[in-house]
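Given next are the chains, with one letter for each unit.
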Amino acid sequence: MIRLGETQELEIIKALDFGAYLAPSAERAEERVLLPRKQVPEGAKPGDRLSVFVYRDSQDRLIATVKTPMLQMGKVAELTVAQVNRVGAFLDWGLEKDLLLPYKQQRGRVEQGMKVLVSLYIDKSNRICATMNVYKNLCSQSPYHVGDQVTGRAYERSDNYGLFVAVDNLYSGLIPARELYGDVELGSDVTARVTKVLEDGKLNLSIREKAYLQIDKDVETILKLLDSYEGSLPFSDKASPEVIRHETGMSKNEFKRAVGRLLKEGLIRIDKKTIRKI
């Protein structure tokens, strides 16, 4: 069977002026694909086996090439956006026909010249397309351990689970919703700390430091926020977790910990509904 979107070894079953027909074997000649003349290696003849990639040309005809594209089925790769039009974005993947990334398969902002992390899939019309939902094609066996710092691409957001990250554009990682602070844009690179390696090898991540390191940053954040409110926050450490997270990007416990240090150092005063800078 000829596999769309993959490199495979096929046999030359017929040579013509405009190219050569390839098939899995001479016995299966009815299942064939054209290798254009300019792609046929010099001296190649019927009976020879060639390593080719199979895709569809600009007329949606099945076609073979001896070129190796930057992305194949079941893999993940970072590709450059060549152009964007009403159909979607078109990505340069090293072949004559650019790869379509439909709007429905995009996550976040996609513009010409950007690099996007994608996988391949075959759509309802049996065409190869790209998707930014790369979860199922990421590897779950990474070399990382708890406490390691990693960098990855944020590619999917879930209200229930959190932010999905492709670590090194290769491994499966997740910043759980409870660890997600601030506005991380989809498609952006994030630096995070491994907090847990799950049984299946996937990584749980945090974009915050360990508590004893993070508190200094949280204190600085609160001081800057106080200045922006002219020295008096319109809420206290008794505010709801939702208000605190929205205003500071911290959990309620983290906020109370940082406020406690400021109070101990005599830098603030806490009233019933406000926090004031002294």
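Residues numbered from 1 in each chain as written. Predicted model: local features only at pLDDT ≥ 70, side-chain atom pairs only at ≥ 80, totals over all residues. Heavy atoms only, no water.

Undergrad: Report on the overall build of the chain, specifying residues and quantitative values.
TA: A tally of regular secondary structure across the chain gives three helices and 18 strands. Over its C-alpha atoms the chain spans a radius of gyration of 27 Å, topping by over 25% the 19 Å that the globule rule assigns to 278 residues. Here the chain holds 278 residues, and 45% of them are scored as buried. In the chain, of all internal contacts separated by at least 6 residues, the share reaching a separation of at least 24 is 53%. Within the structure as shown, the chain displays about 15,400 Å² of accessible surface, and the carbon and sulfur contribution to it stands at 48%. (Helix = DSSP H or I, 4+ residues; strand = E, 2+ residues; numbered from the N terminus. Rg over C-alpha atoms; globule rule 2.2 N^0.38 Å. Buried < 20%, exposed > 50% of the residue type's maximum accessible area, 1.4 Å probe, protein only. Contact = heavy atoms within 4.5 Å. Areas by Shrake-Rupley, 256 points an atom, 1.4 Å probe, with all protein chains shown as cover.)

Undergrad: Would you mind going over the sheet that holds strand β13 (residues 171-176) in detail, with residue names and values included?
TA: Ordered in space as β11-β12-β13-β15-β14, the five strands form a closed barrel in which the pairing is mixed. Strand-to-strand twist across the sheet, computed as the mean angle between neighbouring axes with direction ignored, equals 50 degrees. In the sheet, strand β11 (residues 149-158) pairs with strand β12 (residues 162-167) via six bridges, with the strands oriented antiparallel. Of the residues in β12, the one forming a bridge with Glu 156 is Phe 164. (Pairing = 2+ DSSP bridges. Axes fitted to C-alpha atoms, helices over the stretch in contact; angles between N-to-C directions.)

Undergrad: Which residues make up the pattern of salt bridges, and what values do they have?
TA: Here the structure, examined in full by the defined rule, presents 19 salt bridges. The partner of Arg 49 in a salt bridge is Glu 9, and the shortest N-O contact between them spans 3.0 Å. Of the two residues, Arg 49 is situated in strand β4 (residues 49-56) and Glu 9 in strand β1 (residues 7-16); the sequence distance between them amounts to 40 residues. Of the charged contacts, one joins Glu 31 and Arg 28 as a salt bridge, the two residues approaching to 3.3 Å between their closest N and O atoms. For Glu 31, a relative accessible area of 23% gives the class partly exposed. When salt bridges that share partners are traced, they join Glu 9, Glu 11 and Arg 49 into one network. (Salt bridge = Lys/Arg side-chain N within 4 Å of Asp/Glu carboxyl O.)

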